[in-house]
Amino acid sequence: MEVSVIMPVCNSQKYIIRAVKSAIGQNFDDFELIIVNYGSTDDSRLICAQFEKRCGKIRIVDCDENCIYSALNMGLREAKGNFIVFAPCEGFYYESYLFDLYKKQMATKADIIIFGVKLIDAVIKKELCFSPSDYCGDVKGLLENYKNI
């Protein structure tokens, strides 16, 4: 397994179908999608379970703590990939998203890649398109860039 995509989910039924469809519709095949449900009271988990039944790349895990940080840590513990990608459940991902990130990492050997967010619809502020572009380098360089914040 090359890439583990971790998608924390809590009460996101409005966005989850689009996010999961775009995540599993990648032109890069060597990945798993770990959906971490952390306290959803809507139909988010049920919707994700339907995807899990149809797609072998998806695993759902439930986090007892209602906290995104705990959900992300649980996803990290469950991950089997050599690389980790955090994917917000409110976004959607163009089809070469994982391939582009993987290609950029292979070319630069970066420890971390931070990428931009493109607002697709100014009215629906939560529908975002994530694309790699902003930072590619090592952790020390990242800290240097942000030490004055």
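Below, the structure is looked at part by part. (Residues numbered from 1 in each chain as written. Predicted model: local features only at pLDDT ≥ 70, side-chain atom pairs only at ≥ 80, totals over all residues. Heavy atoms only, no water.)

## A short note on the overall build of the chain
In terms of regular secondary structure, the chain is built from 5 helices and 7 strands. Starting at the N terminus, the α and β elements of the chain follow one another as β-α-β-α-β-α-β-β-α-β-β-α. Across the chain, every contact between residues at least 6 apart in sequence was considered, and the portion connecting residues at least 24 apart equals 71%. When the accessible surface of the chain is split by element, carbon and sulfur atoms take 53% of a total near 8,500 Å². (Helix = DSSP H or I, 4+ residues; strand = E, 2+ residues; numbered from the N terminus. Contact = heavy atoms within 4.5 Å. Areas by Shrake-Rupley, 256 points an atom, 1.4 Å probe, with all protein chains shown as cover.)

## Some points on the packing of helix H1 (residues 16–24) against helix H2 (residues 44–54)
Packed helices, taken two at a time, are described by the angle their axes make and the gap between the axes. Across the interface, H1 lies against H2 with an axial gap of 10 Å and an inter-helix angle of 25 degrees. Between H1 and H2, the angle falls in the class roughly parallel. In the crossing of H1 with H2, the sense of the turn from one axis to the other is right-handed. Contact with H1, carried on its side by Ile 16, Ile 17, Val 20, Lys 21 and Ile 24, involves Ile 47, Cys 48 and Phe 51 of H2 and no other residues of that element. (Axes fitted to C-alpha atoms, helices over the stretch in contact; angles between N-to-C directions. Parallel < 35°, antiparallel > 145°, perpendicular 65-115°, else oblique. Left-handed = near helix turned anticlockwise from the far one by under 90°.)

## A look at unusual backbone geometry
For Asn 11, which is not glycine, the phi dihedral falls at a positive 50 degrees. Along the polypeptide, Asn 11 turns up in the loop between strand E1 (3–9) and H1. Backbone geometry at Lys 109 places phi at a positive 60 degrees, although glycine is not the residue there. Of note, Lys 109 is situated in the loop between helix H4 (97–108) and strand E6 (112–119).

## Details of a nonpolar patch on the surface
Together, Leu 76, Ile 84 and Phe 86 make up an exposed nonpolar region whose accessible area comes to about 240 Å². Within the fold, Phe 86 resides in strand E4 (residues 83–86). On the accessibility criterion, Phe 86 (40% relative accessible area) is partly exposed. (Patch = residues over 30% accessible without salt bridge, like charges linked within 9 Å, V, L, I, M, F, W, Y side chains within 5 Å. Salt bridge = Lys/Arg side-chain N within 4 Å of Asp/Glu carboxyl O. Buried < 20%, exposed > 50% of the residue type's maximum accessible area, 1.4 Å probe, protein only.)

## Details of the pattern of salt bridges
The final tally for this structure, using the stated rule, is 3 salt bridges. Glu 32 is the partner of Arg 59 in a salt bridge, and the nearest nitrogen-oxygen pair spans 2.9 Å. Of this pair, Arg 59 sits in strand E3 (residues 58–62) while Glu 32 sits in strand E2 (residues 31–37), and the two are 27 residues apart along the sequence. Classification of Glu 32 by relative accessible area gives buried; the value is 6%. In the salt-bridge network here, residues are joined through shared partners; they are Glu 32, Arg 59 and Glu 78.

## Digging into H4
Look at H4: 17 Å from first C-alpha to last across 12 residues, which is about the 16 Å you get at 1.5 Å a residue. Buried within H4 we find Tyr 97, Leu 98, Leu 101 and Gln 105. Along the long axis of H4, the arc covered by the buried residues comes to 95 degrees, so they all point the same way. Of the residues one or two after H4, Lys 109 is the one with positive phi, at around 60 degrees. (Expected span 1.5 Å × (residues − 1). Arc of directions from axis to C-beta.)

## Points about the environment of Glu 90
Position of Glu 90 among the secondary structure elements: in the loop between E4 and strand E5 (91–92). For Glu 90 and Ile 16, which are 74 residues apart along the polypeptide, the C-alpha to C-alpha distance reads 6.7 Å.

## What to know about the sheet that holds E1
In spatial order, the strands read E3-E2-E1-E4; together these 4 strands make up an open sheet with parallel pairing. Here the strands that pair on one side only, and so sit at the sheet edges, are E3 and E4. Looking at each pair of strands side by side, their axes are set apart by 25 degrees on average, direction ignored. Taken strand by strand, H1 contacts E1, E2 and E3, and its axis lies near 160 degrees from that of E2. The strands touched by H4 are E1, E2 and E4; relative to E4, the strand with the most contacts, the crossing angle is about 135 degrees. (Pairing = 2+ DSSP bridges.)

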